[in-house]
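Structural features, examined
Here are the chains, one letter per residue:
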Amino acid sequence: MARKMYADMLRIRQFDTKVVELVDDDLIPGSCHEYCGQEAVAVGVCSALTDKDILTSTHRGHGHTLAKGGDVGKMFAELFGRSAGYNKGRGGSMHIADVSLGIFGANGIVGAGAPIACGAAHKFKAAGEPHVAVSFFGDGAINQGVVHEAMNLAAIWRLPVIFVCENNLYAMTTPLREVTILELHERAQSYGMASIKVDGMDVGAVFDAALSAVERARSGGGPSFLQCDTYRYFGHYSGERHMKTTYRTQQEIDEWKKRDPLDLWAERLIRGSICSAQDIERMKREVDDEIAQGVEYARGCPTPSPQDALEYMYAVNYPYTPAKGAEQ
Ligand SMILES: Cc1ncc(C[n+]2csc(CCOP(=O)(O)OP(=O)(O)O)c2C)c(N)n1
Ligand SMILES: [Mg+2]
């Protein structure tokens, strides 16, 4: 488990590092929100889940998807706009989902995953299934009304939901301290749910907190809230690399990088004799190969045909045929 957690964080780091390169080379159309720096949150939480548990993700969703078992090749295919992608190349970064793996979707609408997680959790509870739903969202989303409605609903119905707030200190260029008073997790306490602040750079600490929350949810104890303090290494989105922003200093970025989640965990694995330094290097090479193969696969996949542009617009009555008289 401890080794797998390192490999899973590595996969996310290498995936989004490659994404940065590909976006900057204009090979990925549109923009992406890279997850580098926050890997311990997605991996710590998802390592406490089973295949049957589900998650809802955010605009910064690559890490959550990979941590829950998302396929590297299909993800790159989606980012390249190829028909073999998760959304047939029509959605891109913010529309990656794989319901079969319990990944109920990235989401371009800040905070919008929280009620979806409640819906899934309500179904689990009503059907007597012992599964849990995780809602990932950022420190910016904590000021969205829908997140508070979702927390209230989850508390009053004792739903098996875990609200995971990834506090990377900024919502786009807005510092948390300018828009939010008190600690984020203290807000959840007011809904009567268990809430805790965790070091989001320490995958072991996130895992332990997630496991307690999962056990609480599975045993009918209702929702929990985890505030995971973390940091994003890149800008809010890929376009920020071409802007001159001043909202955070290089010194601040460097300070956070001193507590890099992968380095911290690698040190821990080596100190505990779980891995050798050579094992770590080998894992890096293996993940590098996996990422390279994913890119190669995706670039070799065809783009959707323009003739199919109107396909997949409707989930029912597919292929769509207008009802009699509806054309008027
Ligand atoms: C409802 C809504 N409001 C505003 C936006 C524009 N927007 C996109 S990302 C973002 C910041 C989100 O910050 P946070 O929740 O902290 O997540 P982070 O980007 O830090 O991961 C905003 C305001 C949006 N997509 N949806
Ligand atoms: Mg944020």
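Residues numbered from 1 in each chain as written. Chains lettered and ligands numbered in written order. Predicted model: local features only at pLDDT ≥ 70, side-chain atom pairs only at ≥ 80, totals over all residues. Heavy atoms only, no water.

Going by an unreviewed UniProt entry, the protein chain carries the name Thiamine pyrophosphate-dependent dehydrogenase E1 component subunit alpha and comes from Mesorhizobium atlanticum. Within the UniProt record for the protein chain, the comment given under Function (unreviewed entry) is "The pyruvate dehydrogenase complex catalyzes the overall conversion of pyruvate to acetyl-CoA and CO(2). It contains multiple copies of three enzymatic components: pyruvate dehydrogenase (E1), dihydrolipoamide acetyltransferase (E2) and lipoamide dehydrogenase (E3)." Looking at the protein chain in UniProt, the text filed under Catalytic activity (unreviewed entry) is "N(6)-[(R)-lipoyl]-L-lysyl-[protein] + pyruvate + H(+) = N(6)-[(R)-S(8)-acetyldihydrolipoyl]-L-lysyl-[protein] + CO2". (UniProt positions renumbered as here; feature names shortened; annotations may be inferred.)

1. Remarks on the coordination of the magnesium ion (ligand 2)
The protein atoms donating to the magnesium ion (ligand 2) are Asp139 (OD), Asn168 (OD1) and Tyr170 (O), with metal-donor distances spanning 2.1 Å. Read in sequence order, the donor residues for the magnesium ion (ligand 2) give the motif D-x28-N-x1-Y. Within this pair, whereas Asp139 is found in the loop between β2 (133–138) and α6 (145–156), its partner Tyr170 is found in strand β4 (residues 170–171), the two being separated by 31 residues in sequence. The burial state of Asp139 is the same as that of Tyr170; both residues are buried. (Donors = N, O, S within 2.8 Å, 3.2 Å for Na, K, Ca; no water. Helix = DSSP H or I, 4+ residues; strand = E, 2+ residues; numbered from the N terminus. Buried < 20%, exposed > 50% of the residue type's maximum accessible area, 1.4 Å probe, protein only.)

2. Observations concerning the nonpolar core
Among the nonpolar cores identified, the biggest contains 60 residues, and Tyr6, Phe15, Phe76, Val164 and Leu226 are the most heavily contacted of them. For this core, the element with the most residues is helix α1 (residues 2–24), which contributes ten residues. Among the nonpolar cores identified, the runner-up in size contains 24 residues, and Ile54, Ala117, Val147 and Val161 belong to it. (Core = buried A, V, L, I, M, F, W, Y, C linked by side-chain atoms within 4.5 Å.)

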